[in-house]
Structure formats: C-alpha cells, structure tokens
Amino acid sequence: MSLHVGKLRGLAVLLFLLNPLLAGAVPAAPPIPAPEVVPLWPQGHWQQRVRGPERLGIEGSAKGAVSGVSNARMEIYRPLKPNGTAVVIFGGGGYFRIQIGSAAKPTAQWLQSLGVTAVVVYYRLPADGWAPVSPFQDGQRAMRLLRAQAASLGVDPERIGALGFSAGGNLAGIVATRFDAPLYPPVDAADQLSARPNFLGMIYPVVSMRAPLDHTRSKRELESQDDAQQAYSVEQHVRKDMPPVFLAQAVDDRTVDVGHSVAMYQATHAAGIPVELHLFEAGGHSWGLGKPGTLVAQWPRLFANWARSHGYLGPPPARLPPHGASAIPAAAAQPPRSLDDDGAGD
C-alpha cells in the first residue's frame, strides 16, 4: 500500500514540474516571425544578366555575403509590436557583393527587437553584368513598394528611413538625394509614390566618386557609366529637401577614407540639413553592428537616440543595459572581423 502511494506522489510531483503553469514558469514569448520575401519587380521585367545560381560567401571577408543576384527583392522583418517606423537596409560590398550575414541581417534583427519594421534589400550588382544604374533603381523601387504596403505592415509612410553600410551607404545616399530622378519607367501604382526616405543613416559610407576620394571598388564597378562620377557622388546631390543624416565611421578605416563621411557632413551642414557625425578613433572597416566592447559598437545606440530625437523611433526602452554593456541583443552580436583582405570590400 505504501509503495502504491509513493508512486502516486512521485507521479504528481513529475506532472507538477512538467506543467509550466503549475510550476510557476513564465510562458514562452511568441516566436518572432520569419522574414517575408517580396520581389521588387514583376517576373521577367529586366532582361536576365546573371548566369548560375545566387552565391553565398562562406569564408574570409566574403563570409555571409551574397552575389549573383538575379531577382532583386526585399526581406521584411516584422516586429511583434510595430512602433510605426520602418528602415530599409542596404548592405555594403563594393557593388560586387552584398554583406547580408555580417551587417544587413544582424542590423535588421536589432531594429526588429526595437519594434521597427526592418527591410533588407538584395539589389542587383554591376559586377554581375547589370548596368551601373541597377542598384539605384532597386533602391528607389524598394522605398516605393514599402510605402505602398505601409498600412498592411503597421508602418507610418512618413516614418520610413534608409540605412546603408559602405557601398550600401552610397546607395542609400543617392536614394535620399536623387529620390525624384527618373531612373526607370514606372511599373505600377507604387511608382507614383515618393522614394524619399524620411531619415538617412550612412555607416562607414562610400560617398564620393571624385578625386581624391575615388579609390574605391564601388567607383570601379560604377565607372562604366559615362557620367558615373557626377551621378553617384552623393555630396554633389545634397539638397535642402533631403532627409536628416546620421554618419558614423572609424578614423583608421583603410578601405574607405574617412574623408567620405567628412565630405558628406560638410555638404549637408552647408546646406542647412540636420546632420550628426560620429568619428571613432579605431574600428577599421566593415564592422556591421560592431563587436561588443569596441568603440564602433556604440553606433547602434547613438543612431537610435538620434532617430528618436527626430521623432522616428518611438520612446526608448523601459530598461537600458548597465553602463558599458552592449545595447545589442546577444543573438545579433558579432565575432571579431578583420579588414577586407583585398581592400575592396566597400
């Protein structure tokens, strides 16, 4: 009899521990939805230029980088509780690849955790045979499509920003300054909407195609277009109706000279555009969110505070990490990365 009672008691204890509600455990948070993939163009809209499948780098400075993009698209990272802001993200890579895994995707996940609808753009690359104007066409189209879908995404169409890294900074900058340039014939109703971002972030950006700042892989990939030097030098297109600008770069960047950020700051400041520039003593190039504990890892919080100051990111989180701790979720933190081995990864 006592053995039977003991078994019953043991079973009761086991059931108690296995039931999270009886055991007092906090219910698991709902899973974050997988990103949605949205094509930028109707199928067959552009004559195919890419041979073979899309490629993903697996080692060195190319790890996580995508090339061979034949179907331009955007990945939409929807937060569980949208705060009304969206950010379109352009990874860098010198217009011969796109740093998705090391920069664009982790940044999208970080913004998603703040309630921002984050959009990663897979744009067509001149190095794959596409015309130099192709990435800029894709940039404009991404802004317009997102604005067309704003209501269904819980996004305010007047709170859509653009954020670019390296060559992606050049792309974001051209979209923000040449938003009304007719870079492609209208395709549908979305193309009647504005391509202008409401705010602009440029992280270790390629800005100019002009001397003495013209020693970048980006410039080499774009220069087959006769007027590329003028067309894609962002500082040459600064205008009074462009969005406010946030800039961040390391002074010891050996891939993209810090003069690019300085040139953009000077041009925007002279035009009366709200602009904030952060120059870090060390950090090199292509740091994405930044390794926790490094100087450059400060930029996400600085960017978030700057965006909030312009009314684009909602209220700050209720709890902030302790002073000196990383503001980046552990899942988005990155391992140390070396400078691009070929000096061409802008």
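Everything discussed here concerns the structure shown above.
## A few points about the packing of aromatic side chains
1) Next: On inspection of all chains with the given rule, the structure shows 18 aromatic pairs.
2) Next: Arranged with centres 5.9 Å apart and planes meeting at 75°, the rings of phenylalanine 165 and tryptophan 299 form a pair that is edge-to-face. Here phenylalanine 165, found in strand E8 (residues 160-165), pairs with tryptophan 299, found in helix H9 (residues 299-309); they are 134 residues apart in sequence, far enough to count as distant.
3) Next: Classification of tryptophan 299 by relative accessible area gives buried; the value is 0%.
4) Next: Through successive ring pairs, a cluster of aromatic residues spans Trp110, Phe165, Phe199, Tyr204, Phe246, Phe280, Trp287, Trp299, Phe303, Trp306 and Tyr312.
5) Next: If you follow arginine 73 out to its NZ or CZ, it ends over the ring of tyrosine 122, 4.0 Å from the centre.
6) Next: Above the ring of tryptophan 130, the side-chain terminus of arginine 124 is found at 4.9 Å from the ring centroid.

## Looking at the pairing of strand E9 (residues 199-203)
1) Next: Counted residue by residue, E9 has 5 buried out of 5 residues, so it is predominantly covered.
2) Next: Burial along E9 is two-sided: Phe199, Gly201 and Ile203 and Leu200 and Met202, pointing in opposite directions, are all buried.
3) Next: With 5 bridges connecting them, E8 and E9 associate as parallel partners. What sits directly across from glycine 164, in E9, is methionine 202.
4) Next: Following the backbone out of E8, through helix H5 (residues 167-177) and into the adjacent parallel E9, one traces a crossover that is right-handed.
5) Next: Bridge count between E9 and strand E10 (residues 245-250): 4 bridges; the pairing is parallel. The residue bridging isoleucine 203 from the neighbouring strand is alanine 248, located in E10.

## Observations concerning the sheet that holds strand E2 (residues 55-56)
The strands making up a sheet are joined through hydrogen bonds of the backbone, oriented either antiparallel or parallel.
1) Next: Strand order in the open sheet made by the 3 strands is E2-E3-E6, with antiparallel pairing throughout. In this open sheet, the two edge strands, each paired with only one partner strand, are E2 and strand E6 (98-99).
2) Next: Here 2 bridges tie E2 to strand E3 (residues 65-67), and the two strands are oriented antiparallel to one another. Its bridge partner being in E3, leucine 56 is matched across the sheet by valine 66.

## Description of the pairing of strand E5 (residues 86-90)
1) Next: Counting buried positions over the 5 residues of E5 gives 5, a clear majority of the element.
2) Next: Of the two faces of E5, the one carrying Ala86, Val88 and Phe90 and the one carrying Val87 and Ile89 are both buried.
3) Next: Summarising the sheet, E5 and strand E7 (residues 117-122) pair through 4 bridges and their orientation is parallel. Counterpart to isoleucine 89 in the pairing with E7 is valine 120.

## Re helix H2 (residues 100-113)
1) Next: With 10 of 14 residues buried, H2 lies mostly within the body of the structure.
2) Next: All of the buried residues in H2 are Ile100, Ser102, Ala103, Ala104, Pro106, Thr107, Ala108, Trp110, Leu111 and Gln112.

## Thoughts on the sheet that holds strand E4 (residues 73-77)
1) Next: Strand order across the open sheet formed by 8 strands is E1-E4-E7-E5-E8-E9-E10-E11, with mixed pairing between neighbours. The two strands at the open ends of the sheet, each matched to only one other strand, are strand E1 (36-39) and strand E11 (275-280). Sheet twist, expressed as the mean angle between neighbouring strand axes with direction ignored, is 20°.
2) Next: As judged from the 5 bridges shared by E5 and E8, these two strands associate in the parallel manner.

Definitions and limits used
- Residues numbered from 1 in each chain as written.
- Predicted model: local features only at pLDDT ≥ 70, side-chain atom pairs only at ≥ 80, totals over all residues.
- Heavy atoms only, no water.
- Phe/Tyr/Trp six-rings, centres within 6.5 Å; stacked < 30°, edge-to-face > 60°.
- Helix = DSSP H or I, 4+ residues; strand = E, 2+ residues; numbered from the N terminus.
- Buried < 20%, exposed > 50% of the residue type's maximum accessible area, 1.4 Å probe, protein only.
- Lys NZ or Arg CZ within 6 Å of the ring centre and 35° of its normal.
- Pairing = 2+ DSSP bridges.
- Right-handed = clockwise from strand over helix to strand, strands pointing away.
- Axes fitted to C-alpha atoms, helices over the stretch in contact; angles between N-to-C directions.

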